[in-house]
Amino acid sequence: MTGGLRVGFRCDAGVGRGVGHLVRCVALAEELCARGAHVVFVGAVDGSEWARAQLRERGLPLVAAQEDPVRLARLARELRLDAVVLDSYDLPEGTGAALRDAGLAVLAIVDGDPLGQAADLYLDQNLGAERRPFRAGRRLAGARYVLLRDSVLRSERAPRRGRAVPRVLCFFGGTDSAGMVPAWTRALLATGVPFEGTVVSPAPFAAGDAITVIPPTDRLPALMAEADLVVTAAGSAVWELLHLGVPTALTWVAGNQLIGYEELVGRGVAAGLGNTPGPQAVGTLARLLAEPAAREEHGRRGSGLVDGKGRERVADALLELL
């Protein structure tokens, strides 16, 4: 048990930043809270009511952050924190060092490059991370450490029973910060293959009779589990899809997603669309929509790579620091 332990999560979310950092931190926070720890988020959530609700509905307080590392460390001591989890590409380089100097344990969640951030423990949950060199310190690496939310762990993919028209889910994070949803929706329509589509978009738009456009929703894990094919970017939601065994067609919208994209597509656990919804991508989507066996093969290869116990392993390692 960890009664009395106090852990802070330094991360931000919102339009322009996306919500992936917050979502994976929420997953670890759920695990720590279940063990009796007190958790507080330190940062900013801007322009996304859905992201703010993820904290509010779980009773996770949000405190405004200090950007200066020394002031942040002072705030952490005022909050009586024992440990801080860092998950941001935008923190000053000395943030981790200042927190450690103040006597706090530091876990840094990274995607490859630690960006000069000092920590007692690093987490890189990306597929294949365990094979890539890392010299910054002790690291938990690979899909064994994927952080999944309660709502995903409770979900289970329904058996496919000869559905004549495939169900397609298209989303690009909780904010679609790159504005990609309309373009990929048009690519799906350009295939000419019948399908039933659900598109998650913060901004409503006309998508045609076969497609329902909905705002960001807490039902996303259930929608994933019901889908025959998901079109999305190689961000944090991919690990949820792998856990559920859902056939996925991937693109990328940020440079840090390219390593994951290449690993996933290279291993055949997802279909690759490239990064533009052009003719080649439309052709790939048409094949996946028309050929159930082709898309299900991707789901089969991905199933089992993420066992859902990653957050337990990370929580165990964090508690060992204390």
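Preceding block: the structure.
Conventions adopted
Think of each chain on its own: its residues are numbered from 1, step by step along the sequence as written. Totals for whole chains, interfaces and linings use every residue, but because this is a predicted model, local features are given only for residues with pLDDT of at least 70 and side-chain atom pairs only at 80 or more, for both listing and counting. Water and hydrogen atoms were dropped before computing side-chain values, which therefore reflect all heavy atoms in the structure. We count a stretch as a helix when DSSP gives it H or I for four or more residues in a row; a strand needs E for two or more, and each element gets its number in order from the N terminus. Between the two quantities, the radius of gyration covers C-alpha atoms and the globule rule is 2.2 Å times the number of residues to the power 0.38. Only protein chains enter the area calculation, which uses a 1.4 Å probe; residues under 20% of their type maximum are buried, those over 50% are exposed, and those in between are partly exposed. What makes two residues a contact is simply this: any of their non-hydrogen atoms within 4.5 Å. Positive charges come from Lys and Arg alone, negative charges from Asp and Glu alone, with His and the N- and C-terminal ends not counted. Every charge is mapped to an atom, namely NZ of Lys, CZ of Arg, CG of Asp or CD of Glu. In what follows, salt bridge is the name for a side-chain nitrogen of Lys or Arg lying within 4 Å of a carboxyl oxygen of Asp or Glu. Each pair of strands is called paired provided DSSP finds at least two bridges between the two strands. Between the N-to-C directions of two axes lies an angle of 0 to 180 degrees, each axis being a line fitted to C-alpha atoms and, for a helix, fitted only over the stretch in contact. To sort the angles, those under 35 degrees are grouped as roughly parallel, those over 145 as roughly antiparallel, those from 65 to 115 as roughly perpendicular, and the leftovers as oblique. In this scheme, a crossing is called left-handed if the near helix is turned counterclockwise away from the far one by less than a right angle; it is called right-handed if the turn is clockwise. When residues are sorted by character, Ala, Val, Leu, Ile, Met, Phe, Trp, Tyr, Cys and Pro go into the nonpolar class, Asp, Glu, Lys and Arg into the charged class, and all the rest, Gly among them, into the polar class. Think of it this way: a Phe, Tyr or Trp ring, Trp meaning its six-membered ring, pairs with another when their centres are within 6.5 Å, and the plane angle makes it stacked under 30 degrees, edge-to-face over 60, tilted otherwise. Pairs of N or O atoms within 3.5 Å make up the polar contacts considered here, provided that, within protein, one atom can donate a hydrogen while the other can accept it, and that residues adjacent in sequence are counted only when both atoms are side-chain atoms.

Caption draft 1: Structural detail: the overall build of the protein. In terms of regular secondary structure, the protein is built from 12 helices and 15 strands. Its C-alpha atoms give the protein a radius of gyration of 20 Å, within 12% of the compact-globule value 20 Å for 322 residues. Referenced to the eigenvectors of the C-alpha coordinate spread, the extents of the protein come out at roughly 60 × 40 × 35 Å. Evaluated residue by residue, the protein yields a buried proportion of 55% over its 322 residues. Put simply, of all contacts in the protein between residues at least 6 apart along the chain, 59% involve residues at least 24 apart. Across the protein, the centroid of the 36 positively charged side chains sits 3 Å from that of the 37 negatively charged ones.

Caption draft 2: The pattern of salt bridges, seen in detail. By the definition in use, this model includes 23 salt bridges. The salt bridge involving Arg 100 is made with Asp 120; its shortest N-O contact spans 3.2 Å. Of this pair, Arg 100 sits in helix 4 (residues 95-101) while Asp 120 sits in the loop between strand 7 (105-109) and strand 8 (121-124), and the two are 20 residues apart along the sequence. A salt bridge links Glu 296 to Arg 157; its shortest N-O distance comes to 3.0 Å. Of this pair, Glu 296 sits in helix 11 (residues 292-302) while Arg 157 sits in the loop between helix 5 (150-153) and strand 10 (167-170); the two residues are 139 residues apart in sequence, bridging distant segments of the chain.

Caption draft 3: Summary view of the sheet that holds strand 3 (residues 38-42). The strand order across the open sheet built from 7 strands is 5-3-1-6-7-8-9, with neighbouring strands paired in parallel fashion. Whereas interior strands pair on both sides, the edge strands pair on one side only; in this sheet they are strand 5 (62-63) and strand 9 (139-141). Sheet topology places strand 1 (residues 6-10) next to strand 3; 5 bridges connect them, and they run parallel. The residue of strand 3 that forms the bridge with Val 7 is Val 39. Lying on the sheet, helix 1 (residues 20-34) is in contact with strand 1, strand 3, strand 6 (83-86) and strand 7; it crosses strand 3 at an angle near 160°.

Caption draft 4: Examining the packing of helix 1 against helix 12 (residues 310-320) more closely. Orientation of helix 1 relative to helix 12, taken along the N-to-C sense of each, is 65°, at an axis distance of 9 Å. One element, helix 1, and the other, helix 12, form an angle in the roughly perpendicular class. In terms of crossing hand, the pair formed by helix 1 and helix 12 is right-handed. Across the interface between the two elements, Ala 27, Leu 28, Glu 30, Glu 31 and Leu 32 from helix 1 touch Arg 311, Glu 312, Val 314, Ala 315 and Leu 318 from helix 12. Here the contact of helix 1 with helix 12 is composed, by residue class, of 6 nonpolar, no polar and 4 charged.

Caption draft 5: Structural detail: the packing of aromatic side chains. Counted under the stated rule, the structure contains 3 aromatic pairs. The interplanar angle of 70° and the centroid separation of 5.1 Å between the aromatic rings of Tyr 122 and Phe 134 together place this pair among those described as edge-to-face. One end of the pair, Tyr 122, is in strand 8; the other, Phe 134, is in the loop between strand 8 and strand 9, with 12 residues separating them in the sequence. The pair formed by Tyr 122 and Phe 134 is uniform in burial state, with each residue classed as buried.

Caption draft 6: Main features of helix 9 (residues 258-266). Taken residue by residue, helix 9 has Gly 260, Tyr 261, Glu 263 and Leu 264 as its buried positions. For helix 9, the elements touching its buried residues are helix 8 (237-244), strand 14 (248-251) and strand 15 (271-272). Following helix 9 by one or two positions, Gly 268 has its phi on the positive side, about 75°.

Caption draft 7: Structural detail: the environment of Leu 5. Mapped onto the elements, Leu 5 comes out in the segment before strand 1. The buried category is assigned to Leu 5, whose relative accessible area is 11%. Residues Leu 5 and Cys 33, spaced 28 residues apart in sequence, show a C-alpha to C-alpha distance of 9.7 Å. Non-local contacts of Leu 5, meaning those with residues more than four positions away in its chain, are made with Ala 37, His 38, Asp 82, Leu 319 and Leu 322.

Caption draft 8: Spotlight on the packing of helix 6 (residues 181-190) against helix 10 (residues 279-290). Where helix 6 contacts helix 10, the axes come no closer than 8 Å and their chain directions differ by 60°. In terms of orientation, helix 6 lies oblique with respect to helix 10. In the packing of helix 6 onto helix 10, the handedness of the crossing is right-handed. Contacts between helix 6 and helix 10 pair Trp 184, Ala 187, Leu 188 and Ala 190 from the former with Ala 281, Val 282, Leu 285 and Leu 289 from the latter. Here the contact of helix 6 with helix 10 is composed, by residue class, of 8 nonpolar, no polar and no charged.

Caption draft 9: Molecular detail of the side chain of Glu 240. Mapped onto the secondary structure, Glu 240 falls in helix 8. Only 3.0 Å separates the side chain of Glu 240 from the side chain of Arg 149, close enough to count as a polar contact. Beyond its immediate sequence surroundings of up to four residues, Glu 240 is in contact with Val 23, Leu 148, Arg 149, Val 152 and Met 224.

Caption draft 10: Highlighting the side chain of Ser 201. Along the polypeptide, Ser 201 turns up in the loop between strand 11 (196-200) and strand 12 (211-214). Given the relative accessible area of 5%, Ser 201 is considered buried. Looking at Ser 201, its side chain comes within polar contact range of the main-chain oxygen of Ala 203, at 2.6 Å. If we ignore the near neighbours within four places in the chain, the residues touching Ser 201 are Val 181, Val 213, Ile 214, Pro 215 and Pro 216.

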